[in-house]
Amino acid sequence: MSDIAEFFSDPSLVQTPSASRLWSLVGLALLISFAPVVGLLPPDWTMGMMVAGMSVLFVTLCVVIKGQVAARHVQQATAVIAAFAEQEESPFLIANAYGDILASNTPARNLFGAAKGASLACCLGSTFPNPQVVLLKLQSQARSLGRAQEDYSIRGNTNSVTVLQLAPDIFCWQFHQSDHGSWQSINLPVLTIGCANDVVCPNPAAKRLLGSRPGDVRDIFCDVDPQIGASNIIKSLEGMIPVAVTELSRTGKERSLGLVPLIQTPAPGASTSFADLPVPVLTLSPEGAILNANRLANKLLGNKNLEGTNITYIMRGLGRPILDWLARTASEEEAQRSEFLQLTRKDKEIFVQVTLSRVVVDGKISLIAVLNDATELKTLEAQFVQGQKMQAVGQLAGGVAHDFNNLLTAISGHCDLLLLRHDQNDPDYGDLVQINQNANRAAALVSQLLAFSRKQTLRPEVLDLRDTISDLIHLLNRLVGEKVQLTLSHDPVLKPVRADKRQLEQVLMNLVVNARDAMSDGGEIRIETEVLNLTQPLSRDRATVKPGEYVTVRVVDSGVGIPCDKLQKVFEPFYTTKRTGEGTGLGLSTAYGIVKQTGGFIFVDSAVDRGTEFTVFLPVCATVAEAEQDSPAQPEAQSARQGEGVVLLVEDEAPVRAFATRALRLKGYTVLEADSAEEALRLLEDSTLNVDVFVTDVVMPGMDGPTWVRKARETRPDARVVFVSGYTEGAFGDSGPEIANSTFLPKPFSLNQLTEAVFQQLN
């Protein structure tokens, strides 16, 4: 690659002035510096001229360094592209705007003689009739659009020329050569038709059928255009014969047509032409019976003898009967189009794209079905639909959680106010405690919804999973019961991770409970941890794990396992393999959401009747001290303290606003209320009004919280801010939360949490 990387001697790519100019600048600098010394200028000017001369020298040095660095960067970038081009099988070269070749790969040098420094127009002179016009046209299109592509007839073949603009004056040229070799070895006559309806390349079977190389396709088909999927009359060595025409491929402006003779000929091997077609093809009766199938069709359909079988027994999937589709196509009531069907094979799931064409042979109507394996396409389509569904359900869960958090804030807040007026001897005290406890349980349910939608507020901390699992093992043993044995296996040099301890415990409990339910007759559940160092990206299940150190947690059971067709659905919300009433379908989807929000990955492997293994990948925390320093210090739990100051409360939900106002006033604060950001800004127009703290919702109708706070900060820069929201801190979006002297309090919050947050901001 060294010769490729050195093509920057081209003048258009030089980043540094010429040596003569540099030496002129150096001489000028020396003349300025020493002019007073040699007596050309007064001695009093010595210091000033020395400074001026040194400045010119410094500027010259900077220009040289900048030019060298820029040239090196361009050289390295284009050398990488040139090295990549060397791996291309098609001709590939790089040229500047003047047509000078800067780099080329071996096929370009062999085909065009495109050596470094040569003119692109000269190299293509034997290929294009007027290379200057072609190059100027494509280069102008690439300069304006970034890319240009055109098909040309080059040496008897229709080839594609692609031009990409790499830099303002650097262009990449690639020549895609068509390859007709795939049709040369088959007995079926194949004509490759160019953009002008000229026959570019007939294969040997076509030459034997037609006698000589024809010039125009209309000369073959008796001055008419060939009808795809129908019977056509052609001129052959034996006279006029009927053939069925099928389109085998299409590339750019070039297409390949297969000719299937519809009469028996004595030529040896003619009966095998249909079987040797390079695409799966079936011949059907209008009633759906398979009259003939070629070799590739038999292979695709998984049966060696399909003749006589009705197509309805091997395909399904239309919203209407397949026989109705066949009948409408045979009677020409429906235009030719493709349908996607699913094969009834039991060994694997296969989808095919079927294109029907009507032909008439000896007065009898038949159908030709061209098959194309569309399994990968349907798989991608299903994955896209699943992704859209997961996103929609996640947005729905996040929205429901937001509204529910507002209700829970009002319920638990007013319950706190009632508890302040009732002591433990009061008959209503127990009922109020029950209301408070159930509100907390509802808040835990909301956190599960947010975990599934990956929008819950995490409190990450540095964890040693050995300690975390050891603290949880007693609870897990009670969950699995006496029939199931729970065993642990830890890596002796396990490294720390950074995660929310409570949420990580939830993941482990969900996985263990799922393993327990898979072993109704008992068994063993193993929890194994180890450090895994990935040196290469790990790609599986449409996810890619980047190289690095990870702590893996495996939960392995010996249960009934999960069938392969259901394995990819286990993380979907509300999907469960358990009987009705035994599962909600949220356990694994919640675990998936928590792991992904933590920055990790979760995978599942299973075999029926052998068990299931869930593997969680968590990134290793690089520096424990740094991670602990980044974690915000949480205030110790204590009763709300009395305070003083003026609080502007902005909340669009009336019940939440009523509770927050009473709570703050109860603790000694003066509270101003506003139900929207616009009303809050109107209150702050009074310059005599002193406000110490803004307590505001983040998402509100009209102007949101961060936006109005920024406007208010223009005149009140010292005001402190407490943001509250039923969403998480991600609700700030592009508008925050980088606001100085601000904190975030997620809903639902209690009376003590609200007043303590305000107290901390003021003190």
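What you are looking at is a predicted structure, and each value in this text was computed from that prediction instead of being measured.

Undergrad: Quick question: what am I supposed to make of the overall build of the chain here?
TA: Across its full length, the chain carries 21 helices and 30 strands. The buried share of the chain, reckoned over its 763 residues, is 43%. Within the chain, contacts between residues separated by at least 24 positions form 57% of all contacts whose residues are at least 6 apart in sequence. As displayed, the chain offers around 39900 Å² of accessible surface, 53% of which is attributable to carbon and sulfur atoms.

Undergrad: Where do I start with a nonpolar patch on the surface in this structure?
TA: On the surface, Phe-404, Leu-407, Ile-411 and Ile-435 cluster together to form a nonpolar patch covering roughly 350 Å² of accessible area. No other element matches helix α11 (residues 375–420), which puts three residues into the nonpolar patch.

Undergrad: Would you take a moment to explain the packing of helix α13 (residues 465–480) against helix α14 (residues 501–517) for this structure?
TA: When two helices pack together, you describe them by how their axes are tilted relative to each other and by the distance separating the axes. Between α13 and α14, whose axes approach to 10 Å, the crossing angle comes to 40 degrees. Considering their axes alone, α13 and α14 lie oblique with respect to each other. The element α13 and its partner α14 pack so that their crossing is right-handed. Together, Leu-465, Thr-468, Ile-469, Asp-471, Leu-472, Leu-475, Leu-476, Leu-479 and Val-480 of α13 and Lys-501, Leu-504, Glu-505, Leu-508, Met-509, Val-512, Val-513 and Arg-516 of α14 make up the contact between the two elements. Within the contact of α13 with α14, the residues separate by chemical class into 12 nonpolar, one polar and four charged.

Undergrad: Would you mind going over the sheet that holds strand β29 (residues 720–725) with me for this structure?
TA: Pairing between the strands of a sheet comes from backbone hydrogen bonds, and it takes one of two forms, parallel or antiparallel. Taken in spatial order, the five strands line up as β27-β26-β28-β29-β30 in an open sheet, and their pairing is parallel. A single partner strand is all that each edge strand has here, and the edge strands are β27 (670–674) and β30 (742–746). The sheet shows a mean angle of 20 degrees between the axes of neighbouring strands, taken without regard to direction. In this structure, β29 lies alongside β30, joined through five bridges in parallel fashion. Of the residues in β30, the one forming a bridge with Val-721 is Ser-742. Of the strands in this sheet, β26 (646–650) and β27 are in contact with helix α18 (residues 654–666), which crosses β27 at around 165 degrees. Packing against the sheet, helix α21 (residues 751–762) makes contact with β26, β28 (693–697), β29 and β30, and its axis sits at approximately 175 degrees to β30.

Undergrad: How should I be thinking about the packing of aromatic side chains in this particular structure?
TA: Two numbers describe a pair of aromatic rings. These are the distance of the centres and the angle of the planes. Scanning the entire structure with this criterion turns up five aromatic pairs. Each ring, one from Tyr-550 and one from Phe-617, has its centre 6.1 Å from the other, and the planes form 75 degrees; the classification is edge-to-face. With Tyr-550 in strand β23 (residues 548–557) and Phe-617 in strand β25 (residues 611–619), this residue pair connects regions lying 67 residues apart in the sequence. Ring plane angle 5 degrees and centroid distance 6.3 Å describe the contact between Phe-601 and Phe-603, whose orientation is recorded as stacked. Judged on exposure class, the residue Phe-601 and its partner Phe-603 are both buried.

Undergrad: Just checking my understanding: could you explain the sheet that holds strand β18 (residues 484–489) for this structure?
TA: Within the open sheet, the five strands sit side by side as β18-β20-β23-β25-β24. Their pairing is mixed. The open sheet is flanked by β18 and β24 (601–607), the only strands paired with a single partner. The mean angle between the axes of side-by-side strands here comes to 20 degrees, regardless of whether they run parallel or antiparallel. As defined by bridge partners, β18 adjoins strand β20 (residues 523–534) across six bridges and the pair is classed as parallel. Opposite Ser-489, over in β20, you have Glu-528 as the bridge partner. Sitting on the sheet, α13 is in contact with β18, β20, β23 and β25, with an inclination near 175 degrees to β18.

Undergrad: Is there a simple way to explain the pattern of salt bridges in this structure?
TA: Should the charged atoms of two oppositely charged side chains come close, the side chains can pair. For the coordinates displayed, the defined rule picks out 13 salt bridges. With a closest N to O distance of 2.7 Å, Lys-495 and Glu-549 form a salt bridge. Placement of Lys-495 in the loop between β18 and β19 (497–499) and of Glu-549 in strand β23 is noted, with a sequence separation of 54 residues between them. With a shortest N-O distance of 3.6 Å, Glu-673 and Arg-657 are connected by a salt bridge. With Glu-673 in strand β27 and Arg-657 in helix α18, this pair connects stretches of sequence that are 16 residues apart. With relative accessibility at 35%, the residue Glu-673 sits in the partly exposed group. It is possible to trace a salt-bridge network through shared partners that takes in Arg-526, Glu-528, Glu-530, Arg-554 and Glu-613.

Undergrad: How do you make sense of the side chain of Asn-105 when you look at a structure like this?
TA: Position of Asn-105 among the secondary structure elements: in the loop between β2 (101–104) and α4 (106–112). Overall, the relative accessible area of 0% leaves Asn-105 in the buried class. A polar side-chain atom of Asn-105 sits 3.1 Å from the main-chain amide nitrogen of Ala-108.

Undergrad: How should I be thinking about helix α10 (residues 322–330) in this particular structure?
TA: One turn of an α-helix holds 3.6 residues; hence residues three or four places apart share an orientation. Taken as a whole, α10 has its buried residues at Ile-322, Trp-325, Leu-326, Thr-329 and Ala-330. Buried residues of α10, seen end-on, are gathered within an arc of 130 degrees and therefore sit on one face of the element. For α10, the secondary structure elements touched by its buried residues are β11 (281–284), β13 (315–316), β14 (338–343), β15 (351–361) and β16 (364–373). The first or second residue beyond α10 is Glu-332, which carries a positive phi of 60 degrees.

Undergrad: Before we go on, may I ask you to explain the pairing of strand β6 (residues 190–193) in this structure?
TA: The side chains of a regular strand alternate, residue by residue, between the two faces of the sheet. Side chains of β6 alternate between two faces, with Val-190 and Thr-192 and Leu-191 and Ile-193 buried alike. Note: β6 against strand β10 (residues 254–261), four bridges, orientation antiparallel. Across the sheet, Val-190 pairs through a bridge with Gly-258, a residue of β10. In terms of strand pairing, β6 meets strand β7 (residues 199–202) through three bridges, oriented antiparallel. Across the sheet, residue Leu-191 finds its bridge partner in β7, namely Pro-202.

Undergrad: Quick question: what am I supposed to make of the pairing of β23 here?
TA: Counting buried positions over the 10 residues of β23 gives eight, a clear majority of the element. With 10 bridges connecting them, β20 and β23 associate as antiparallel partners. Note that in β23 the partner of Ile-525 across the bridge is Asp-557.

Undergrad: I'm lost on the packing of α14 against helix α16 (residues 587–598) in this one. Help?
TA: Packing of α14 against α16 brings their axes to within 9 Å, and their N-to-C directions diverge by 145 degrees. The handedness of the crossing between α14 and α16 is left-handed. Taken together, the residues of α16 that come into contact with α14 (itself represented by Gln-503, Gln-506, Val-507, Asn-510, Leu-511 and Asn-514) are Gly-587, Leu-588, Thr-590, Ala-591, Ile-594 and Val-595. Along the lines of polarity and charge, the residues of the contact of α14 with α16 split into six nonpolar, six polar and no charged.

Undergrad: What is the right way to read the nonpolar core from this model?
TA: Within soluble globular proteins, side chains that are nonpolar tend to cluster in buried spots. Of all hydrophobic cores here, the largest spans 39 residues; its most connected members are Leu-465, Leu-511 and Ile-525. Counting residues in each nonpolar core, the second largest holds 24 residues, with Ala-293, Ile-314, Met-315 and Val-354 among its members.

Undergrad: What exactly am I supposed to notice about the side chain of Ser-412 here?
TA: Along the polypeptide, Ser-412 turns up in helix α11. Relative accessible area serves as the criterion here: at 8%, Ser-412 is assigned to the buried category. Among the polar contacts made by the side chain of Ser-412, one reaches the main-chain carbonyl oxygen of Leu-408 at a distance of 2.7 Å. Beyond its immediate stretch of four places on either side in the chain, Ser-412 contacts Ala-439 and Phe-749.

Undergrad: Looking at this model, I keep getting lost on unusual backbone geometry. Mind explaining?
TA: Most peptide bonds take the trans configuration, and most residues that are not glycine carry a negative phi. Cis geometry is found at the peptide bond from Lys-747 to Pro-748, where omega equals 0 degrees. One non-glycine residue, Asp-609, lies in the positive phi region at around 70 degrees. Of note, the phi angle at Asn-741 is positive, near 55 degrees, even though the residue is not glycine. Examined against the element boundaries, Asn-741 turns out to sit in the loop between β29 and β30.

Undergrad: Is there a simple way to think about α14 in this case?
TA: Counted at 1.5 Å a residue, the expected span for α14 with its 17 residues is 24 Å, and the 24 Å between its end C-alpha atoms agrees. Gln-503, Leu-504, Glu-505, Val-507, Leu-508, Met-509, Asn-510, Leu-511, Val-512, Asn-514 and Ala-515 are the residues of α14 that are buried.

Rules and cut-offs
Residues numbered from 1 in each chain as written. Predicted model: local features only at pLDDT ≥ 70, side-chain atom pairs only at ≥ 80, totals over all residues. Heavy atoms only, no water. Helix = DSSP H or I, 4+ residues; strand = E, 2+ residues; numbered from the N terminus. Buried < 20%, exposed > 50% of the residue type's maximum accessible area, 1.4 Å probe, protein only. Contact = heavy atoms within 4.5 Å. Areas by Shrake-Rupley, 256 points an atom, 1.4 Å probe, with all protein chains shown as cover. Patch = residues over 30% accessible without salt bridge, like charges linked within 9 Å, V, L, I, M, F, W, Y side chains within 5 Å. Salt bridge = Lys/Arg side-chain N within 4 Å of Asp/Glu carboxyl O. Axes fitted to C-alpha atoms, helices over the stretch in contact; angles between N-to-C directions. Parallel < 35°, antiparallel > 145°, perpendicular 65-115°, else oblique. Left-handed = near helix turned anticlockwise from the far one by under 90°. Nonpolar A, V, L, I, M, F, W, Y, C, P; charged D, E, K, R; others polar. Pairing = 2+ DSSP bridges. Phe/Tyr/Trp six-rings, centres within 6.5 Å; stacked < 30°, edge-to-face > 60°. Polar contact = N/O pair within 3.5 Å; in protein donor to acceptor, adjacent residues only side chain to side chain. Arc of directions from axis to C-beta. Core = buried A, V, L, I, M, F, W, Y, C linked by side-chain atoms within 4.5 Å. Expected span 1.5 Å × (residues − 1).

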